[in-house]
Amino acid sequence: MKREVESGSELELTRRELFVGAAASAAAGLPAVAAAQQSAVEQPAISKVSLVINGRAHSLSLDNRTTLLDALREHLHLTGSKKGCDQGQCGACTVIVNGRRVVSCLTLAVMHEGSQVTTIEGLGSPERLHPMQAAFIKHDGFQCGYCTPGQICSAVAVLDEIGRGVPSHVTADLTTQPLLKVDELRERMSGNICRCGAYSNIVDAITEVAGVRT
Ligand code: FES
Ligand code: FES
């Protein structure tokens, strides 16, 4: 039956009828998939996650879709790790998880239950710099500094990789320990992009720290 809509109240009634009709259809199971999708959007799955970050235990309730980077920055306010591309291409978000470097924008926090996470805040402080932080300052290994926390975390993990004998793409002889050569360092740091182009100075900084260690 055709009804004329002449006033606001009549229009309101029509909208209400629409909602009631939609709810009745959902209850009848007709748009079950759409209703389920709507429900999933409205009620995200939440998980409890325990992490040890920079030596301190944290227990968080997180939407399962939360990246490790967002957990650090948005939930714990550890904003040293930077969000550059948010898709694994720039390395600005690099942190160290259980001794291995990880681009934290590409991994979910819930995947790291019980993990030990080290961010730039945990490597050193302005009063007590990590040797790699001090070397970056000494060699001007940055300009704008946006990539620097990721570069430094990556550099620290790179020297550990080399120390453990982990080969890189340019390691010619897999039966020998990787050498601390410039091409090795450049290859291993190639996932960390610097738009300011401080690469030469970054390599100088890493080389100095490596020299101190060996
Ligand atoms: S922000 Fe994670 S790789 Fe760019
Ligand atoms: S210092 Fe500016 S992006 Fe690297």
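As a reminder, the structure under discussion sits directly above these lines.
So, here is what we can say about the structure in this document. Computed from a prediction, not measured in an experiment: that's the story for all the values here.

What counts and what doesn't
Residues numbered from 1 in each chain as written. Chains lettered and ligands numbered in written order. Predicted model: local features only at pLDDT ≥ 70, side-chain atom pairs only at ≥ 80, totals over all residues. Heavy atoms only, no water. Core = buried A, V, L, I, M, F, W, Y, C linked by side-chain atoms within 4.5 Å. Buried < 20%, exposed > 50% of the residue type's maximum accessible area, 1.4 Å probe, protein only. Helix = DSSP H or I, 4+ residues; strand = E, 2+ residues; numbered from the N terminus. Domains from an automatic or database assignment. Arc of directions from axis to C-beta. Axes fitted to C-alpha atoms, helices over the stretch in contact; angles between N-to-C directions. Parallel < 35°, antiparallel > 145°, perpendicular 65-115°, else oblique. Left-handed = near helix turned anticlockwise from the far one by under 90°. Contact = heavy atoms within 4.5 Å. Nonpolar A, V, L, I, M, F, W, Y, C, P; charged D, E, K, R; others polar.

1. So, the nonpolar core
- Counting residues in hydrophobic clusters, the biggest one holds 25 residues, and the most contacted among them are Met132, Phe136, Ile152, Leu159, Leu185 and Ile206.
- Those elements that place two or more of their residues in this core are helix H4 (120-123), helix H5 (131-138), helix H6 (148-163) and helix H8 (199-213).
- If you tally residues by element for this core, the top one is H6, at eight residues.
- A domain split of this core shows at least three residues from each of domain 2 (45-123) and domain 3 (127-214).

2. Comments concerning H5
- For H5, the complete set of buried residues consists of Met132, Gln133, Ala135 and Phe136. Angular distribution of buried residues about the axis of H5 spans 165°; they occupy a single face of the element. Opposite the buried face of H5, by more than 90 degrees, sit the exposed residues Pro131 and Lys138.
- Among the residues trailing H5, Asp140 stands out with phi positive, at a value near 50°.

3. Points about the packing of H5 against H6
- Closest axis-to-axis distance for the H5/H6 pair is 10 Å, and the angle between their directions is 125°. In terms of orientation, H5 and H6 fall into the oblique class. Remark: the crossing between H5 and H6 carries right-handed chirality. Of the residues in H6, those in contact with Met132, Gln133 and Phe136 of H5 are Thr148, Gln151, Ile152, Ala155, Val156 and Leu159.
- When its residues are assigned to classes, the contact of H5 with H6 shows six nonpolar, three polar and no charged.

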